[in-house]
Amino acid sequence: MPDDAPSLDDALVGEAVLGVYRQMFAALARDSGAVVDDPELVDVAETLLAAFADAGEDGLSREQMRYVCRRYPTETFENRLRVLKGLGAVREVFPKPNQLRYRASFTSVVGLMFVRRMMLDGGQSEMHRLLALEQLNVADPRMTPAQARDGADGLARAFRLWSVELLTLTNGTIEELREQAPKLWGTEEIMQRAERLHGAILRRWPQLDRTCTDLRAAIYAYGDASRRAAARLSDSAGTTRNLTLLPPETWRTFARTASRDELAAVLDAFVFDAPAPWHEPSAIVTAVEDGPKATPPRPAPPRPATPDPGLSADTGGDAAATERLREVAEQVLRGRDRVAVEDVLDQDWTTARRVLADLTSAHAHPELPYRLTWSDGMAARPQGSPTWVSPGVFERTAP
């Protein structure tokens, strides 16, 4: 026998798991291998399970079960009873031949309650319950890192699938998004509870950092997808934020597929104005162009009453400024032909920036023989002022 062959214990565990699944979803099964496609079949199962709950420990006989489900056809009742018995949702009170009384499985009732809750809000309440349960498990001192990893992986998987479904709804039709709108309720609360659970797991078991990273990424993906879906749903409602308003595509579909009488019935309560006279498109364009503008023209600024004397011929200020730049440059060079900029700036920044501005002006002045050049790179000086500087050289050029 190969080493990887399943053992008898593995087979028993697998069969036990399948047995629980069969009992949970027996009410939704049409036969042993298919799901119901008629809501009436689910109603039969729910009626039977409610009758078993009222019957107590004595259970019900076949005649009593048929009386409880008397409003359903006999063929439908017999088919449902056969499926429920085959999947373990309904069993004999005592396993012996010719048994006449039956009892219902607790697992089937819980499974049906779970399905009903899923129908109400699309799994929101179940996610809240799951997060609360995982929070209690993390606080339990008996919980092991392996169990915490399995719980975090399961939640991450659920959030990923949820975000994919929300993205699909966002990119689909608005009707389907409106139908699945309950899945967008309480998004912020779910994210907050999930983030608290993520933090609790990471604080108690730091070695699960990779698992917690996957969980946090799944949580944020769910949040982004939920916000996008909610934004589209809100935009489709218009300025009234009324989510019951029909989108434009629904009206177009109705207008194409409805009969004349159906269209007339929709418009019975509306009063329409007389149609406007026909205008040529060119006439409309001309009218728009020739019409008054909504924005008035900007007024001209006021002008002085005295005549403008023009530019002054006195440029002595420019010569004084040029001489001042020459003095600053020579003071920096101190008889040398070149000096490093970082040495010049090795002082408080208030003074250094003034010197740098003067050196830059001297470099740009066409009449002064100075040049300021910079090289690539940047040096960080955490304790200096300034804290970073690029290598540069201030030098005298040929006059």
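Predicted model, so just to flag it, every value in this text is computed and none were measured. (Residues numbered from 1 in each chain as written. Predicted model: local features only at pLDDT ≥ 70, side-chain atom pairs only at ≥ 80, totals over all residues. Heavy atoms only, no water.)

(A) Fine view of the overall build of the protein. For the protein, the count of helices and strands is 16 helices and ten strands. Here the protein holds 399 residues, and 31% of them are scored as buried. Of the roughly 27,200 Å² of accessible surface on the protein, a fraction of 58% belongs to carbon and sulfur atoms. (Helix = DSSP H or I, 4+ residues; strand = E, 2+ residues; numbered from the N terminus. Buried < 20%, exposed > 50% of the residue type's maximum accessible area, 1.4 Å probe, protein only. Areas by Shrake-Rupley, 256 points an atom, 1.4 Å probe, with all protein chains shown as cover.)

(B) Here's a closer look at the sheet that holds strand E7 (residues 370–374). On the basis of which strands lie adjacent, the open sheet formed by three strands has the order E6-E10-E7 and antiparallel pairing. Both edges of this open sheet fall to strand E6 (338–340) and E7, since each of them pairs with a single strand only. Averaged over all pairs of adjacent strands, the angle between strand axes in this sheet comes to 15°, irrespective of strand direction. Relative to strand E10 (residues 392–396), E7 runs antiparallel, the two sharing five bridges. In the strand pairing of E10, Leu372 is matched with Phe394. Packing of helix H16 (residues 349–364) onto the sheet brings it into contact with E7 and E10, and relative to E7 it is tilted by some 115°. (Pairing = 2+ DSSP bridges. Axes fitted to C-alpha atoms, helices over the stretch in contact; angles between N-to-C directions. Contact = heavy atoms within 4.5 Å.)

(C) Representation of the sheet that holds strand E3 (residues 60–61). The three strands lie next to each other as E3-E5-E4, forming an open sheet whose pairing is antiparallel. In this open sheet, the two edge strands, each paired with only one partner strand, are E3 and strand E4 (90–92). One ladder, built from three bridges, connects E4 with strand E5 (residues 101–104); its direction is antiparallel. By the bridge assignment for E5, Val90 is matched with Ala104.

(D) Main features of the environment of Ala231. Mapping Ala231 onto the fold places it in helix H10 (residues 209–236). For the pair Ala231 and Thr170, spaced 61 residues apart in the sequence, the C-alpha separation amounts to 9.1 Å.

(E) Examining the pattern of salt bridges more closely. Taken as a whole and judged by the stated rule, the model has ten salt bridges. Arg326 is paired through a salt bridge with Glu323; the nearest N and O atoms lie 3.9 Å apart. You can see Arg326 and its partner Glu323 sitting in helix H14 (residues 316–333), three residues apart, about one turn around the helix. One network of salt bridges, in which partners are shared, links Glu188, Asp224 and Arg227. (Salt bridge = Lys/Arg side-chain N within 4 Å of Asp/Glu carboxyl O.)

(F) Region of the structure containing the nonpolar core. In terms of nonpolar packing, the biggest core is built from 32 residues, with Phe159 and Ile201 touching the most fellow members. In terms of nonpolar packing, the next biggest core, distinct from the first, is built from 18 residues, Leu325, Val344, Leu345 and Phe394 among them. (Core = buried A, V, L, I, M, F, W, Y, C linked by side-chain atoms within 4.5 Å.)

(G) Summary view of H16. Taking 1.5 Å per residue, 16 residues should reach 22 Å; H16 reaches 22 Å between its end C-alpha atoms and fits that length. Listing the buried residues of H16 in full gives Ala352, Val355, Leu356, Asp358, Leu359 and Ala362. Around the axis of H16, the buried residues are gathered within 165° of arc, so they sit on the same side. The exposed residues of H16 that point more than 90 degrees off its buried face are Arg354 and Ala364. (Expected span 1.5 Å × (residues − 1). Arc of directions from axis to C-beta.)

(H) The arrangement of the packing of aromatic side chains in detail. For the structure shown, the criterion picks out four aromatic pairs. Where Phe159 meets Trp162, the ring centres are 6.4 Å apart and the plane angle is 15°; that geometry is what we call stacked. Remark: Trp162 and Phe159 occur in helix H7 (residues 145–171); sequence separation between them is three residues, near one turn of the helix. For Trp162, a relative accessible area of 7% corresponds to the buried category. Pairing Phe159 with Tyr222 gives two aromatic rings, centres 5.3 Å apart and planes at 50°, and the pair type is tilted. Taken together, the residues Phe159 in helix H7 and Tyr222 in helix H10 connect sequence positions 63 residues apart. For the pair Phe159 and Tyr222, one class covers both residues: buried. Among the aromatic residues, ring-to-ring pairing joins Phe159, Trp162 and Tyr222 into one connected group. Between Arg70 and the ring centre of Tyr67, over which it is positioned, the NZ or CZ distance is 4.2 Å. (Phe/Tyr/Trp six-rings, centres within 6.5 Å; stacked < 30°, edge-to-face > 60°. Lys NZ or Arg CZ within 6 Å of the ring centre and 35° of its normal.)

(I) Just unusual backbone geometry, in detail. Unusually for a residue other than glycine, Arg334 sits at a positive phi of about 55°. Its location among the elements puts Arg334 in the loop between H14 and E6. Using a relative accessible area of 68% as the deciding quantity, one classes Arg334 as exposed.

(J) Summary view of the side chain of Ser226. Mapped onto the elements, Ser226 comes out in helix H10. Ignoring any residue separated from it by four or fewer positions in sequence, one finds Ser226 in contact with Leu166, Leu184 and Thr187.

(K) Fine view of the environment of Ala50. When you line up the elements, Ala50 lands in helix H2 (residues 39–55). Counting along the chain gives 54 residues from Ala50 to Ala104, while the straight-line C-alpha distance between them is 9.5 Å.

(L) Spatial organisation of the packing of H7 against helix H9 (residues 187–204). As a packed pair, H7 and H9 sit with axes 12 Å apart at the nearest point and diverge in direction by 150°. Taken together, the axis directions place H7 and H9 in an arrangement best described as roughly antiparallel. Both H7 and H9 take part in a crossing whose hand is left-handed. Note on element contacts: H9 touches H7 through Ile190, Ala194, Leu197 and Ile201, opposite Ala152, Leu155, Phe159 and Trp162. For the contact of H7 with H9, the residue count by class is eight nonpolar, no polar and no charged. (Parallel < 35°, antiparallel > 145°, perpendicular 65-115°, else oblique. Left-handed = near helix turned anticlockwise from the far one by under 90°. Nonpolar A, V, L, I, M, F, W, Y, C, P; charged D, E, K, R; others polar.)

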